[in-house]
Amino acid sequence: MPLEGEYEPSPQKWVRDQVELYERTGGREGNTLPGRELPVVIFSTRGAKTGKVRKQPLMRVEHDGAYLMVGSQGGAPTDPAWVANLRAAPDQVTVQDGPEPWDGVARELEGAEREEWWDRAVAAFPDYADYQRKTERRIPIFLVERRPA
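Below, the structure is looked at part by part.

Rules of the game
- Residues numbered from 1 in each chain as written.
- Predicted model: local features only at pLDDT ≥ 70, side-chain atom pairs only at ≥ 80, totals over all residues.
- Heavy atoms only, no water.
- Helix = DSSP H or I, 4+ residues; strand = E, 2+ residues; numbered from the N terminus.
- Rg over C-alpha atoms; globule rule 2.2 N^0.38 Å.
- Buried < 20%, exposed > 50% of the residue type's maximum accessible area, 1.4 Å probe, protein only.
- Areas by Shrake-Rupley, 256 points an atom, 1.4 Å probe, with all protein chains shown as cover.
- Lys, Arg positive; Asp, Glu negative; His and termini not counted.
- Charge placed at Lys NZ, Arg CZ, Asp CG, Glu CD.
- Core = buried A, V, L, I, M, F, W, Y, C linked by side-chain atoms within 4.5 Å.
- Pairing = 2+ DSSP bridges.
- Contact = heavy atoms within 4.5 Å.
- Axes fitted to C-alpha atoms, helices over the stretch in contact; angles between N-to-C directions.

Another aspect to go through is the overall build of the chain. Within the chain, the regular secondary structure consists of four helices and seven strands. Secondary structure elements in the chain, listed N-terminal to C-terminal, are α-β-β-β-β-α-β-β-α-α-β. For a compact globule of 149 residues, the expected C-alpha radius of gyration is about 15 Å, and the chain comes in at 14 Å, within 12% of that figure. Each principal axis of the C-alpha atoms in the chain carries an extent, and together these give about 35 × 35 × 30 Å. Across the 149 residues in the chain, those meeting the buried criterion constitute 46%. Accessible surface for the chain amounts to roughly 7,900 Å². Of this, 51% is attributable to carbon and sulfur atoms. Across the chain, the centroid of the 21 positively charged side chains sits 4 Å from that of the 25 negatively charged ones.

In structure tokens:
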């Protein structure tokens, strides 16, 4: 089940538009990074301050049914807002890769597991390596796995 509650669209028009197109078409459209043919997934999180549902398209980094959320924000000096949302409510995340969303549980990765998944992220989207070089912060990454029934 997708996250329930009031949805607050992104203040960024391109994000709002992409999420709407992706959801309206069951992922048949709006499923790539604008201007590039690299696949994206829609992640929904619960706002840490507002409690509202927030949605963001992120690069598709998947392995054995688990998905990675990379908090790169293009190498900006601060984390994207959804990072705080996940840290506050790691069990309030939905993944949509195609027509059917599913509930997940996220955990922030460290150590060898982080390095393994970081390599997968860079293989899926090489720009991540450049983003890490641009910023002094360590880009946080979260593994999202299906919530147990």
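Membership of the largest hydrophobic core comes to 17 residues, with the highest contact counts inside it found for Leu68, Val70, Trp117, Tyr128 and Ile141. At the level of elements, strand 4 (66-70), helix 3 (111-124), helix 4 (127-134) and strand 7 (141-146) are the ones that each hand at least two residues to this core. The next biggest cluster of nonpolar side chains, apart from the first, holds 14 residues, and it includes Phe43, Trp82, Phe142 and Val144.

Pairing within the open sheet is antiparallel, and its seven strands lie in the order 2-1-5-6-7-4-3. Whereas interior strands pair on both sides, the edge strands pair on one side only; in this sheet they are strand 2 (53-59) and strand 3 (62-63). For strand 6 (residues 102-108) and strand 7, the ladder comprises five bridges, and the chain directions are antiparallel. The partner of Ala106 across the bridge, within strand 7, is Val144. Contacts from helix 1 (residues 13-24) reach strand 1 (40-46), strand 2 and strand 5 (93-96) within the one sheet, and its direction differs from that of strand 2 by about 90°.

Geometry only, nothing functional implied.
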